[in-house]
Amino acid sequence: MNGTWWLTQGETRIGELRQYATDQPVFLCHFIPGPGWEGVRALFESWAAVHGPDLDGSRTAQVIKPIMDLGLTLVAEDEGRPMALFKECIVRINGDTARVRC
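Residues numbered from 1 in each chain as written. Predicted model: local features only at pLDDT ≥ 70, side-chain atom pairs only at ≥ 80, totals over all residues. Heavy atoms only, no water.

### Considering unusual backbone geometry
And then number 1: In this structure, the amide linkage connecting Gln-24 to the following residue, Pro-25, adopts the cis form with an omega of 5 degrees.
And then number 2: With respect to the helices, strands and loops of the structure, Pro-25 is situated in the loop between strand S2 (12–23) and strand S3 (26–33).
And then number 3: One non-glycine residue with positive phi stands out, namely Phe-86, at about 70 degrees.
And then number 4: With respect to the helices and strands, the residue Phe-86 is situated in the loop between strand S5 (82–84) and strand S6 (90–94). (Helix = DSSP H or I, 4+ residues; strand = E, 2+ residues; numbered from the N terminus.)

### Things to note about the side chain of Glu-16
And then number 1: Along the chain, the position of Glu-16 falls in strand S2.
And then number 2: Those residues in contact with Glu-16 that sit more than four places away from it in its chain are Thr-4, Trp-5, Trp-6, His-30, Phe-31 and Ile-32. (Contact = heavy atoms within 4.5 Å.)

### Considering the sheet that holds S6
And then number 1: Pairing is antiparallel in the open sheet, where 7 strands are placed in the order S5-S4-S1-S2-S3-S7-S6. Taken across any chain shown, the strands that pair with only one partner, and hence form the sheet edges, are S5 and S6. Across the sheet, the axes of successive neighbouring strands diverge by a mean angle of 30 degrees, strand direction being ignored.
And then number 2: Relative to S5, strand S4 (residues 73–76) runs antiparallel, the two being bridged by 3 bridges. What sits directly across from Val-75, in S5, is Pro-82.
And then number 3: Each of strand S1 (4–9), S2, S3 and S6 is contacted by helix H1 (residues 37–48), which is oriented at about 90 degrees to S6, the strand it contacts most. (Pairing = 2+ DSSP bridges. Axes fitted to C-alpha atoms, helices over the stretch in contact; angles between N-to-C directions.)

### Considerations on the nonpolar core
And then number 1: Formed by 25 residues in total, the largest nonpolar core has its most connected members in Trp-5, Leu-7, Leu-17, Phe-44, Leu-74, Ile-93 and Val-100.
And then number 2: If you list the elements that add at least two residues to this core, you get S1, S2, S3, H1, helix H2 (58–68), S4, S6 and strand S7 (97–101).
And then number 3: For this core, the element with the most residues is H1, which contributes 4 residues.
And then number 4: When sequence neighbours within four positions are dropped, the list of residues in contact with Phe-44 reads Leu-7, Trp-37, Ile-67, Leu-72, Val-91 and Ile-93. (Core = buried A, V, L, I, M, F, W, Y, C linked by side-chain atoms within 4.5 Å. Buried < 20%, exposed > 50% of the residue type's maximum accessible area, 1.4 Å probe, protein only.)

### Some words on the packing of H1 against H2
Geometry of a packed helix pair, given as the angle between the helix axes and the separation of the axes.
And then number 1: At a closest axis distance of 9 Å, the pairing of H1 and H2 adopts a crossing angle of 160 degrees. For the element pair H1 / H2, the angle class is roughly antiparallel. Like other packed secondary-structure pairs, H1 and H2 cross with a definite hand, here left-handed. Residues Leu-43, Phe-44, Ser-46 and Trp-47 of H1 form the contact with H2, whose own contacting residues are Thr-60, Val-63, Ile-64, Pro-66 and Ile-67.
And then number 2: Here the residues of the contact of H1 with H2 sort into 7 nonpolar, 2 polar and no charged. (Parallel < 35°, antiparallel > 145°, perpendicular 65-115°, else oblique. Left-handed = near helix turned anticlockwise from the far one by under 90°. Nonpolar A, V, L, I, M, F, W, Y, C, P; charged D, E, K, R; others polar.)

Given below as structure tokens:
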């Protein structure tokens, strides 16, 4: 089962995610940057850098809040209905890979 999603901010395409495997409940994807990637790259890199215990979630919250404020959406190739990040799905990008949880 392979799927393709587009990560967008309004009309700007941030990147394309191409599923290559599933690790329930997460879809594992290759990430291909789009025209809007450079504007958000540092935010996703900060989130990818968070490792180790975060017992109260404060470190994670600090790095994902700016991403949440972007109003990003994920659009599945076969559905076309935008899903709001952190409300209907989560996308975590680390280099040329991404993890999608819906």
